[in-house]
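Next come the chains, spelled out residue by residue.
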Amino acid sequence: MKKVNLAVVGATGMVGRTFLKVLKEKNFPIDNLYLMASKRSAGTKLEYDGKEYIVEELTEHSFDKPIDIALFSAGGSTSEKFAPIAAAHGVIVVDNSAQWRQHPDVPLVVPEVNPEDISWNHGIIANPNCSTIQAVAVLKPLDDKYKIKRVVYSTYQAVSGAGVAGWNDLENGLKGEAPKKFPHPIAGNCLPHIDVFMENGYTKEEMKMIWETRKILHDPDLKVTATTVRVPVFSSHSESINVEFEKPIDDIEDVKKLLAAAPDVVLVDDPANNKYPLAIDAAGTDEVYVGRIRRDESVENGINLWVVADNIRKGAATNAVQIAEILAEAMDK
Ligand code: A2P
């Protein structure tokens, strides 16, 4: 693979630092690496592959130098302003924020699900929401075989999804301190409130799961509903997914076989031995774990699933780096 000039925007953040970890683990072919963040942390030293890099302030001139790919994870307003500037300089941006995900010119990609969408990018490719990524990785093979009719998501989301500040709220909350990031204590609590409330009574996180599932599965009319909940877990999101299909499922074992064979999906489904996906097992890994697979006996063609993945890795950094790998391979040709 050709070596590329790579920028990481938001390099000092929770996802930014994980980008660096995953890039190294995957031996991503880097020629020059540029680390960028806000003025606050310009000058900070970060290590990559045994070398020290100085974080530079992100400005309108940051992309004047030759950069092939930029991984962004610095919030929506930063992406809104700087992703188009980067794209105008010929950089391909893989953006982890929600800013561009619904834009018709921006592909929204999970490499195991819709890698073909990468090819029609116009300089910005969006990385989906962490909760959506792990869900669609499991739903795609089932949709291909049984055609999904309706999905009900209920999530149990880790505090790391709210960045360093979210992590600190749980850590300090366990010591009895008041929350700074969340509106209520997260230690010993569940908050049915992730991102802002919208006019329809849903939170934005819930609507992201609905909109993004439709876009990634190429089914704009798919019936999807969601309740997203922040729970006192540091790493990995867990999700209960109830799915109804158009076609009958003759044998539930078939569903298990399909999921066991799905790319980067691991079947952990042995309830007799207390084996099912757990947040603490998924943390630090790149796979999506699925278990508790059973029929929904209240409907004709329905099943229930329990899906767990590391929200910072597969839910953010790993997914973005996988997209960058596909881009780097294409640049080679
Ligand atoms: P900084 O360290 O300068 O604040 P997290 O969500 O884990 O808190 O991380 C957010 C990341 O986004 C950090 O790297 C942060 O940099 C970066 N960031 C936030 N605002 C900006 C901005 N206006 N320009 C560039 N980077 C930003």
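Now for a quick tour of the structure. (Residues numbered from 1 in each chain as written. Predicted model: local features only at pLDDT ≥ 70, side-chain atom pairs only at ≥ 80, totals over all residues. Heavy atoms only, no water.)

**Details of the overall build of the protein**
Here comes step 1: Counting secondary structure elements, the protein contains eight helices and 14 strands.
Here comes step 2: Taking 2.2 N^0.38 as the reference for a compact globule, 333 residues should give roughly 20 Å; the C-alpha atoms of the protein span a radius of gyration of 20 Å, in line with that estimate.
Here comes step 3: For the protein, the share of sequence-separated contacts (at least 6 apart) that also reach a separation of at least 24 residues comes to 67%.
Here comes step 4: Accessible surface, the protein as shown: approximately 14,800 Å² in total, 49% of it carbon and sulfur.
Here comes step 5: Side chains of the protein give 37 positive and 48 negative charges; the mean places of these two sets differ by 3 Å. (Helix = DSSP H or I, 4+ residues; strand = E, 2+ residues; numbered from the N terminus. Rg over C-alpha atoms; globule rule 2.2 N^0.38 Å. Contact = heavy atoms within 4.5 Å. Areas by Shrake-Rupley, 256 points an atom, 1.4 Å probe, with all protein chains shown as cover. Lys, Arg positive; Asp, Glu negative; His and termini not counted. Charge placed at Lys NZ, Arg CZ, Asp CG, Glu CD.)

**A look at helix H5 (residues 204-216)**
Here comes step 1: With 13 residues, H5 ought to run about 18 Å at 1.5 Å a step, and its terminal C-alpha atoms sit 18 Å apart, in line with that.
Here comes step 2: Within H5, the full set of buried residues consists of Glu205, Glu206, Met207, Lys208, Met209, Ile210, Glu212, Thr213, Lys215 and Ile216.
Here comes step 3: Its buried side turned inward, H5 meets helix H3 (130-146), strand S9 (148-157), strand S10 (223-230) and strand S11 (237-245).
Here comes step 4: Once H5 ends, the next one or two residues include histidine 218, with phi positive near 55°. (Expected span 1.5 Å × (residues − 1). Buried < 20%, exposed > 50% of the residue type's maximum accessible area, 1.4 Å probe, protein only.)

**Describing the pairing of strand S14 (residues 302-309)**
Here comes step 1: The buried count for S14 comes to seven of eight residues, which makes it a mostly enclosed element.
Here comes step 2: Strand direction decides the pairing type here: S11 and S14, joined by eight bridges, are antiparallel. Following the sheet pairing, glutamate 239 is matched in S14 by valine 307.
Here comes step 3: Where strand S13 (residues 288-295) meets S14, six bridges bridge the pair, whose relative direction is antiparallel. Bridge pairing in S14 links valine 288 to alanine 309. (Pairing = 2+ DSSP bridges.)

**Quick notes on unusual backbone geometry**
Here comes step 1: With a phi angle near 55°, aspartate 49 is a residue other than glycine that sits in the positive phi range.
Here comes step 2: Mapped onto the fold, aspartate 49 is located in the loop between strand S3 (45-48) and strand S4 (51-54).
Here comes step 3: Of note, aspartate 264 is a non-glycine position whose phi angle comes to about 60°, a positive value.
Here comes step 4: Along the chain, aspartate 264 turns up in the loop between helix H6 (252-261) and strand S12 (265-267).

**Let's talk about the site of the ligand**
Here comes step 1: Taken together, the neighbourhood of the ligand is formed by 15 residues, with Thr12, Met14, Ser38, Arg40 and Ser41 sitting nearest.
Here comes step 2: Between threonine 12 and the ligand, the recorded distance is 2.5 Å, taken from a side-chain N or O atom to an oxygen atom.
Here comes step 3: A distance of 3.5 Å separates a nitrogen atom of the ligand from a polar atom in the side chain of threonine 78.
Here comes step 4: Starting from 570 Å² of accessible surface for the ligand in isolation, the protein chains cover 68%.
Here comes step 5: For the shell around the ligand, the per-class residue count stands at six nonpolar, eight polar and one charged. (Near = heavy atom within 4 Å. Polar contact = N/O pair within 3.5 Å; in protein donor to acceptor, adjacent residues only side chain to side chain. Nonpolar A, V, L, I, M, F, W, Y, C, P; charged D, E, K, R; others polar.)

**Here's the deal with the sheet that holds S10**
Here comes step 1: Here we have six strands laid out as an open sheet, ordered S10-S9-S11-S14-S13-S12, and mixed in their pairing. Lying at the two open borders of the sheet, with one neighbouring strand each, are S10 and S12. Pairwise comparison of adjacent strand axes, ignoring direction, gives a mean angle of 20° for this sheet.
Here comes step 2: Where S9 meets S10, eight bridges bridge the pair, whose relative direction is parallel. (Axes fitted to C-alpha atoms, helices over the stretch in contact; angles between N-to-C directions.)

**Remarks on the environment of asparagine 200**
Here comes step 1: Topologically, asparagine 200 is positioned in the loop between helix H4 (163-173) and H5.
Here comes step 2: Of the polar contacts made by the side chain of asparagine 200, one reaches the backbone nitrogen of tyrosine 202; its length is 3.0 Å.

**As for the pattern of salt bridges**
Here comes step 1: Under the defined criterion, the tally for this structure stands at 15 salt bridges.
Here comes step 2: For lysine 81, the salt bridge goes to glutamate 60, with nearest N and O atoms at 3.3 Å. Of this pair, lysine 81 sits in helix H2 (residues 76-88) while glutamate 60 sits in the loop between strand S5 (56-57) and strand S6 (69-72), and the two are 21 residues apart along the sequence.
Here comes step 3: Judged by its relative accessible area of 43%, lysine 81 is partly exposed.
Here comes step 4: For glutamate 60, a relative accessible area of 45% gives the class partly exposed.
Here comes step 5: The residue aspartate 219 makes a salt bridge to lysine 147 at a minimum N-O spacing of 3.3 Å. Within this pair, whereas aspartate 219 is found in the loop between H5 and S10, its partner lysine 147 is found in the loop between H3 and S9, the two being separated by 72 residues in sequence.
Here comes step 6: Assessed through its relative accessible area of 16%, aspartate 219 is described here as buried.
Here comes step 7: For lysine 147, a relative accessible area of 36% gives the class partly exposed.
Here comes step 8: Three or more residues joined by partner-sharing salt bridges are found here, namely Glu25, Asp286 and Arg313. (Salt bridge = Lys/Arg side-chain N within 4 Å of Asp/Glu carboxyl O.)

**With respect to the sheet that holds strand S2 (residues 30-37)**
Here comes step 1: Overall, parallel pairing links the six strands, which are arranged S5-S2-S1-S6-S7-S8 in an open sheet. Looking at the sheet topology across the chains shown, the edges are occupied by S5 and strand S8 (124-126).
Here comes step 2: On the sheet, helix H8 (residues 313-331) packs against strand S1 (4-9), S6, strand S7 (92-95) and S8 and is oriented at approximately 175° with respect to S6.

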